[in-house]
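Listed here are the chains, written in short residue letters.
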Amino acid sequence: MRYLVRAKVRPGQHAALLRAIERHSLGRGSVAEGEYLRNMADARVDRDGVVKWVEVCFCATPLDEERPYWERFFELTRVQNAHGNPCRDRDGSEPWACSSCDCTQRLERKLAQNGEAFVDRLRCETESRQQRGR
């Protein structure tokens, strides 16, 4: 399944999240390890600081396996179905189809045009916070 995730970075976690992304340690130990970095590379952030990304997850409960990794850095504010119709994974005709399906391509293109790249903003905010703290 694919989910549209909305989240806010937890207070005080900006620098730690940026380090985890830059060191490629975000999600380390998870079965979806590489997916976390891809999600952050594609994530967008709006003026209010809401970060959005599309995530592929095969858990019975949405983001069940990923949630502890995300919740270290984010407050997940909304996780909603974003799969296309028909969904071959959901209807059982092709298990794990979401791995290579382009059913959310239109949504991902729309997200890419809104807000700004999350990692770029995170980097700027982290540098700004460090300078103010000096």
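These figures come from a predicted structure and were not determined experimentally.

## A look at the overall build of the protein
Argument step 1. Within the protein one finds 5 helices and 5 strands.
Argument step 2. Going from N to C terminus, the protein has its helices and strands arranged as β-α-α-β-β-α-β-α-β-α.
Argument step 3. For the protein, restricting intrachain contacts to residue pairs at least 6 apart in sequence, the fraction spanning at least 24 positions comes to 71%.
Argument step 4. Total accessible area on the protein stands at roughly 8000 Å², and carbon and sulfur atoms take up 44% of it.

## Side note on helix H1 (residues 14–22)
Argument step 1. Those residues of H1 that fall on the buried side of the exposure criterion are His14, Ala16, Leu17, Leu18, Ala20 and Ile21.
Argument step 2. One or two positions beyond H1, positive phi appears at histidine 24, with a value near 60 degrees.

## Quick notes on helix H5 (residues 118–133)
For the α-helix, the turn length of 3.6 residues means that residues three or four positions removed from each other point alike.
Argument step 1. In a regular helix each residue adds 1.5 Å, so 16 residues correspond to 22 Å; H5 covers 22 Å between its end C-alpha atoms and thus fits that length.
Argument step 2. What H5 keeps buried is the set Phe118, Val119, Arg121, Leu122 and Thr126. Projected down its long axis, H5 shows its buried positions confined to an angular sector of 155 degrees, all on one face. Turned more than 90 degrees off the buried face of H5, the exposed positions are Cys124, Gln131 and Arg132.

## Comments concerning the pattern of salt bridges
Argument step 1. Counted under the stated rule, the structure contains 8 salt bridges.
Argument step 2. When the shortest N-O distance is used, the salt bridge between arginine 38 and glutamate 35 registers 2.8 Å. Here glutamate 35 and arginine 38 lie together in helix H2 (residues 33–42), a separation of 3 residues that amounts to about one turn.

## With respect to the side chain of glutamate 66
Argument step 1. Looking at the element boundaries, glutamate 66 is found in the loop between strand S3 (51–56) and helix H3 (67–71).
Argument step 2. Apart from residues lying up to four places away in sequence, glutamate 66 is in contact with Ala32, Tyr36, Glu55, Val56, Cys57 and Cys59.

## Some thoughts on the side chain of threonine 126
Argument step 1. In this structure, threonine 126 sits in helix H5.
Argument step 2. Leaving out residues up to four positions away in the same chain, threonine 126 has contacts with His14, Ala15 and Leu18.

## Here's the deal with the packing of H1 against H5
Axis angle and axis distance: for two packed helices, these are the angle between their axes and the distance between the axes, and together they describe the pair.
Argument step 1. Here H1 crosses H5 at 130 degrees, and the two axes come no closer than 9 Å. Between H1 and H5, the angle is such that the two are oblique. The way H1 lies across H5 gives a crossing that is left-handed. Here H1 contributes His14, Ala15, Leu17, Leu18, Ile21 and Glu22 to the contact with H5, which in turn contributes Phe118, Val119, Leu122, Arg123, Glu125, Thr126 and Arg129.

## Details of the sheet that holds strand S5 (residues 116–117)
Argument step 1. Strand order across the open sheet formed by 5 strands is S4-S1-S3-S2-S5, with antiparallel pairing between neighbours. Looking at which strands have only one partner, the edges of the open sheet turn out to be strand S4 (74–81) and S5.
Argument step 2. Across 2 bridges, the pairing between strand S2 (residues 44–45) and S5 is antiparallel. Paired with arginine 44 across the bridge in S5 is alanine 117.
Argument step 3. Docked against the sheet, helix H4 (residues 105–112) engages strand S1 (2–9), S2 and S3, running at close to 160 degrees with respect to S3.

Rules and cut-offs
- Residues numbered from 1 in each chain as written.
- Predicted model: local features only at pLDDT ≥ 70, side-chain atom pairs only at ≥ 80, totals over all residues.
- Heavy atoms only, no water.
- Helix = DSSP H or I, 4+ residues; strand = E, 2+ residues; numbered from the N terminus.
- Contact = heavy atoms within 4.5 Å.
- Areas by Shrake-Rupley, 256 points an atom, 1.4 Å probe, with all protein chains shown as cover.
- Buried < 20%, exposed > 50% of the residue type's maximum accessible area, 1.4 Å probe, protein only.
- Expected span 1.5 Å × (residues − 1).
- Arc of directions from axis to C-beta.
- Salt bridge = Lys/Arg side-chain N within 4 Å of Asp/Glu carboxyl O.
- Axes fitted to C-alpha atoms, helices over the stretch in contact; angles between N-to-C directions.
- Parallel < 35°, antiparallel > 145°, perpendicular 65-115°, else oblique.
- Left-handed = near helix turned anticlockwise from the far one by under 90°.
- Pairing = 2+ DSSP bridges.

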